[in-house]
Amino acid sequence: MSNIAETVGNFLGQTAFSNLYWGNYVMIIVACVFLYLAIKKGYEPLLLVPIAFGMLLVNIYPDIMLAAEDAENGVGGLLHYFYLLDEWSILPSLIFMGVGAMTDFRPLIANPISFLLGAAAQIGIFSAYFLAILMGFDGSAAAAISIIGGADGPTSIFLAGKLGQTDLMGPIAVAAYTYMSLVPIIQPPIMKLFTTKEERAIKMGQLREVSKLEAILFPIIVTIVVCLILPTTAPLVGMLMLGNLFRECGVTKQLSETASNALMYIVVILLGTSVGASTSAQNFLKVTTIKIVVLGVIAFAFGTAAGVLFGKLLCKITHGKINPLIGSAGVSAVPMAARVSQKVGAEEDPTNFLLMHAMGPNVAGVIGTAVAAGVFMAVFGV
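As a starting point, this report considers the structure included with it.

Cut-offs and rules
Residues numbered from 1 in each chain as written. Predicted model: local features only at pLDDT ≥ 70, side-chain atom pairs only at ≥ 80, totals over all residues. Heavy atoms only, no water. Helix = DSSP H or I, 4+ residues; strand = E, 2+ residues; numbered from the N terminus. Areas by Shrake-Rupley, 256 points an atom, 1.4 Å probe, with all protein chains shown as cover. Disulfide = S-S within 2.5 Å. Expected span 1.5 Å × (residues − 1). Contact = heavy atoms within 4.5 Å. 1 Å grid on protein atoms, 1.4 Å probe; cavity = no way out; pocket = protein on both sides within 12 Å on 5 of 7 lines; lining within 4 Å. Points joined across faces, edges and corners; volume = space filled by probe spheres on them. Nonpolar A, V, L, I, M, F, W, Y, C, P; charged D, E, K, R; others polar. Phe/Tyr/Trp six-rings, centres within 6.5 Å; stacked < 30°, edge-to-face > 60°. Buried < 20%, exposed > 50% of the residue type's maximum accessible area, 1.4 Å probe, protein only. Axes fitted to C-alpha atoms, helices over the stretch in contact; angles between N-to-C directions. Parallel < 35°, antiparallel > 145°, perpendicular 65-115°, else oblique. Left-handed = near helix turned anticlockwise from the far one by under 90°.

1. Considering the overall build of the chain
A tally of regular secondary structure across the chain gives 20 helices and zero strands. Along the first, second and third principal axes, the C-alpha atoms of the chain reach 90 × 45 × 40 Å. About 16,700 Å² of surface is accessible on the chain, with carbon and sulfur atoms providing 69% of the total.

2. Side note on the state of the cysteines
In a disulfide, the sulfur atoms of two cysteines are held together by a covalent bond. The final tally for this structure, using the stated rule, is zero disulfides. Cys227 supplies the cysteine sulfur nearest to Cys249, a cysteine that is in no disulfide, at a spacing of 18 Å.

3. Brief notes about helix H3 (residues 45-60)
Three or four residues apart is the spacing at which side chains of an α-helix point the same way, because the helix has 3.6 residues per turn. Compared with the 22 Å implied by 1.5 Å per residue over 16 residues, the 22 Å span of H3 between its first and last C-alpha is a close match. For H3, the elements touching its buried residues are helix H2 (22-39), helix H11 (166-181), helix H16 (253-277) and helix H17 (281-284).

4. Focus on the layout of surface pockets
The space that makes up the largest pocket amounts to roughly 710 Å³. Forming the boundary of the largest pocket are 31 residues, of which Val99, Met102, Met264, Val334 and Pro335 lie nearest the centre. Mapped by element, the contributors of at least two residues to the lining of the largest pocket are H3, helix H5 (90-102), helix H10 (153-162), H11, H16, helix H19 (336-348) and helix H20 (355-379). Its residues placed into classes, the lining of the largest pocket shows 23 nonpolar, four polar and four charged. Of the pockets and cavities examined, the second largest pocket occupies roughly 510 Å³.

5. Regarding the packing of aromatic side chains
Counted according to the given criterion, the structure contains seven aromatic pairs. Plain terms: the ring middles of Phe126 and Phe376 are 5.5 Å apart, the flat faces sit at 40° to each other, and that makes the pair tilted. Of this pair, Phe126 sits in helix H8 (residues 123-134) while Phe376 is found in helix H20, placing the two residues 250 residues apart along the sequence. Classification of Phe126 as partly exposed rests on a relative accessible area of 30%. A ring pair is formed by Tyr179 and Phe300, whose centres lie 6.4 Å apart and whose planes are at 15°; its orientation type is stacked. Of the two residues, Tyr179 sits in helix H11 while Phe300 sits in helix H18 (residues 287-317), which places them 121 residues apart along the sequence. In this structure an aromatic cluster arises from ring pairing among Phe126, Tyr129, Phe130 and Phe376.

6. Quick notes on the packing of helix H12 (residues 183-193) against H18
Contact pair H12 / H18: the axes reach a minimum separation of 10 Å and the direction vectors enclose 45°. As the angle between them shows, H12 and H18 are arranged oblique. The way H12 lies across H18 gives a crossing that is right-handed. Where H12 approaches H18, its residues Val183, Ile186, Gln187, Ile190 and Met191 are matched on the opposing element by Phe300, Ala301, Thr304, Ala305 and Val308. Of the residues in the contact of H12 with H18, the class split is eight nonpolar, two polar and no charged.

7. Looking at empty space enclosed by the protein
Within this structure, the stated rule accounts for one cavity of 30 Å³ or more. Taken as a whole, the largest cavity encloses approximately 30 Å³ of empty space. Lining the largest cavity are Val99, Thr103, Phe105, Leu240, Val334, Val363 and Val366. Taken together, the residues that form the lining of the largest cavity break down as six nonpolar, one polar and no charged.

Okay, structure coming up:
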């Protein structure tokens, strides 16, 4: 009888119930909410489902993120090895290659003024940086947090790793990806606040046709110019442009298809689950996390507002030829932010088609966020 009692006691001692505390249950509920938003509401499910499931796993079985040096047998948890690929900047760089292979840069090439709209939206990043300093973060931490304003998860992870902010990587990445998912909810009120009904209804002229030569030269020239000025951006900008060159050169169809499909989705699975697994209750339920979430939404709101306001300026300069709504796409959440510009414009006039025009600032925003990360790395000597 004593053997049975001992066996039952040993079994119960191995269940998660005996090893978790209230915070883990809170995070399990949060994970379930994220899964609901992703599956039921369709908020960026390709990102939110693996992130939420990684969050679920680590708060049920924390050892799934156990570092190899802390394990008795020298073998770490499964998601610990995935997470190392985040810290080493491998997965964010591969994501950029996939984005480049999936993205048409022609709207940006056809309308170079889009670069200015993408640059304007980066004001959110630098505003959040100074706010983070005021809230007590040191320079490196403030820089890593501020990149959330670009609504660019891979760049947030990349910069946090480069600046040695691995302790903050989980909250930063989750905040960045959450705001990417919530672009359709957060942006429209800001866009409508700073524009008039007449401005939202502006129809833009058709973009000029971009030649094949221009499309091929663009990623090469951007790589040379940006990486000569900010060499530390090479892993992101270089991979983004390499993916786009695969798409445009016409002789690497298999590489383009692999980068934009199979490889992209494999990397999303690895990155998403490992990011989610970095949000154990012990690491996530802190005052610091609340500050990061607040700074993230401020940065994102400032970036959206700055893009729209600069769009209004260009609208006046061009005598009504530019719809200010496309400026909001400069926050870089590709292609969701461009779709939101299209949606808000179509609400005023169903015949208005802004999507391709908004893709210019959207792509410029991706480049701009990577450049902002490079500026921070240069400032802090990385």
